[in-house]
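As a plain string of letters, each chain reads:
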Amino acid sequence: MRTSLEVAGLWQISTTKHTTVGWASCRIRCLEQFERTALLLQVAFDKPEHLALLPQMKGFADIIEIGTPLLKRLGLSAITTARELCPEVMVLADTKTVDGGQLEADMVFGAGAAFMTVLSCASSATHEAVGRRAAAFGATVIVDTITEMGKAELLPLNAVFPESFGYIAVHSPTDARLAGNTSTSHIDAVRKMHDRGFLVSLAGGIGPDTLEAVIAVEPEILVVGSAITESASPKEVARWIRDRLPNPGRGWPWDRR
């Protein structure tokens, strides 16, 4: 039986809960067993009109993200639409769950999402509830640290997550960037998360201008939104980014598509 982090397509890990120490030791052991995977490209859709771009992303996206605004606007139909138009590409529901974990997990995983996000500041009870449902569906949870950006530590040093939690999202908030915050501290934070043994999904203001710096810190998942979806030529920008990723498309040692 595959573990949920195996389903995430990166490293096989043990079947116990993971502290930061546990994650680090598992990561070291698994790096000895598997060649490090390439960056995976996640394309984030935040507006209803972005769904029209789905067919163009088939050859470039490893993960299609149904962003929080789009999920609120169209609900679960956005997930099922993505699955219907791109059945070979996995879908992430950016729920940013903070409570009602079991209900939200059942809804999005039941609609076909392979991933969902949970805020790092949510209670351990919510984390556990989502983790149980993710395990039941064979899905993967991403811990979003967006509420902690700007703090010295994005996660407590004793952070513990259920086994089905696969990645830490290091996420620069959109509103802060629109208000003029040009900090790249979220990019710098990737190495710190890696040093603690976490796999990282990096999001926020990523595009052609920042791609070189992002590739240098090697997040496991690279999230690109408006740089693709709001460009004059979304397909060409997606192609341009994809062409520059090391060994693009690798990292899935399983087939659930």
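Everything quoted here is computed from the prediction, not taken from an experiment. (Residues numbered from 1 in each chain as written. Predicted model: local features only at pLDDT ≥ 70, side-chain atom pairs only at ≥ 80, totals over all residues. Heavy atoms only, no water.)

A. Representation of the overall build of the chain. For the chain, the helix and strand inventory stands at twelve helices and ten strands. Residues classed as buried in the chain amount to 53% of the 257 residues present. Relative to all contacts within the chain whose residues are 6 or more apart in sequence, the contacts with residues 24 or more apart total 67%. (Helix = DSSP H or I, 4+ residues; strand = E, 2+ residues; numbered from the N terminus. Buried < 20%, exposed > 50% of the residue type's maximum accessible area, 1.4 Å probe, protein only. Contact = heavy atoms within 4.5 Å.)

B. Here's a closer look at the pairing of strand E2 (residues 40-45). Among the six residues of E2, six are classified as buried, and the element is accordingly described as predominantly covered. Of the two faces of E2, the one holding Leu40, Gln42 and Ala44 and the one holding Leu41, Val43 and Phe45 are both buried throughout.

C. The arrangement of the pairing of strand E8 (residues 165-171) in detail. Of all seven residues that make up E8, seven are buried, and the element is covered over most of its length. For strand E6 (residues 140-144) and E8, the ladder comprises four bridges, and the chain directions are parallel. Across the sheet, the residue bridging to Asp144 is Ala169, located in E8. As defined by bridge partners, E8 adjoins strand E9 (residues 200-203) across four bridges and the pair is classed as parallel. Bridge pairing links His171 to Ala203 in E9. (Pairing = 2+ DSSP bridges.)

D. Region of interest: the sheet that holds strand E5 (residues 115-119). Taken together, eight strands build a closed barrel; the order of strands is E2-E3-E4-E5-E6-E8-E9-E10 and the barrel is parallel. Put simply, the sheet's adjacent strands are angled 25° from each other on average, direction ignored. The strands that helix H5 (residues 76-85) touches are strand E3 (63-66) and strand E4 (90-97); relative to E4, the one it contacts most, it runs at about 165°. (Axes fitted to C-alpha atoms, helices over the stretch in contact; angles between N-to-C directions.)

E. Broad picture of the nonpolar core. By size, the foremost hydrophobic cluster in this structure holds 60 residues, and its most contacted members are Phe45, Ile64, Ile66, Ile79 and Leu222. For this core, the element with the highest residue contribution is helix H9 (residues 185-195), accounting for four residues. Beyond its immediate sequence surroundings of up to four residues, Ile79 is in contact with Ile66, Leu71, Val91, Ala93, Val108, Ala111, Gly112 and Ala113. Membership of the second largest hydrophobic core comes to 14 residues, among which are Leu40, Ile142, Leu199 and Ala203. (Core = buried A, V, L, I, M, F, W, Y, C linked by side-chain atoms within 4.5 Å.)

F. Looking closely at the confidence of the model for the chain. On average, residues of the chain score 82 in pLDDT, and 79% of them reach the 70 mark or higher. In this model, residues 1-37 is a region of pLDDT below 50 whose contacts with residues beyond four sequence positions or in other chains number 92 contacts. Scored below 50 in pLDDT, residues 250-257 makes 31 contacts in the model with residues more than four places away or belonging to other chains. (pLDDT = per-residue confidence, 0-100.)

G. A look at the packing of aromatic side chains. Per the counting criterion, the structure on display carries four aromatic pairs. Aromatic side chains Phe109 and Phe137 sit 5.8 Å apart centroid to centroid with 45° between the ring planes, which places their arrangement in the tilted category. Placement of the pair is Phe109 in helix H6 (residues 101-110) and Phe137 in helix H7 (residues 124-137), with a sequence separation of 28 residues. Owing to a relative accessible area of 34%, Phe137 belongs among the partly exposed residues under this scheme. Consider the rings of Phe161 and Phe198, whose centres lie 6.4 Å apart with planes at 65°: the pair is edge-to-face. Of this pair, Phe161 sits in strand E7 (residues 160-161) while Phe198 sits in the loop between H9 and E9, and the two are 37 residues apart along the sequence. Phe198 shares its class with Phe161; the two are buried. (Phe/Tyr/Trp six-rings, centres within 6.5 Å; stacked < 30°, edge-to-face > 60°.)

H. Summary view of a nonpolar patch on the surface. On the surface, Leu76, Leu103 and Met107 cluster together into a nonpolar patch covering about 270 Å² of accessible area. Structurally, Met107 is set in helix H6. (Patch = residues over 30% accessible without salt bridge, like charges linked within 9 Å, V, L, I, M, F, W, Y side chains within 5 Å. Areas by Shrake-Rupley, 256 points an atom, 1.4 Å probe, with all protein chains shown as cover. Salt bridge = Lys/Arg side-chain N within 4 Å of Asp/Glu carboxyl O.)

I. Examining H7 more closely. Here H7 is 14 residues long and its end C-alpha atoms lie 20 Å apart, about the 20 Å a rise of 1.5 Å per residue gives. Within the sequence span of H7, burial applies to Thr126, His127, Ala129, Val130, Gly131 and Ala134. Those residues of H7 that are buried are in contact with E4, H6, E5, E6, E7 and E8. (Expected span 1.5 Å × (residues − 1).)

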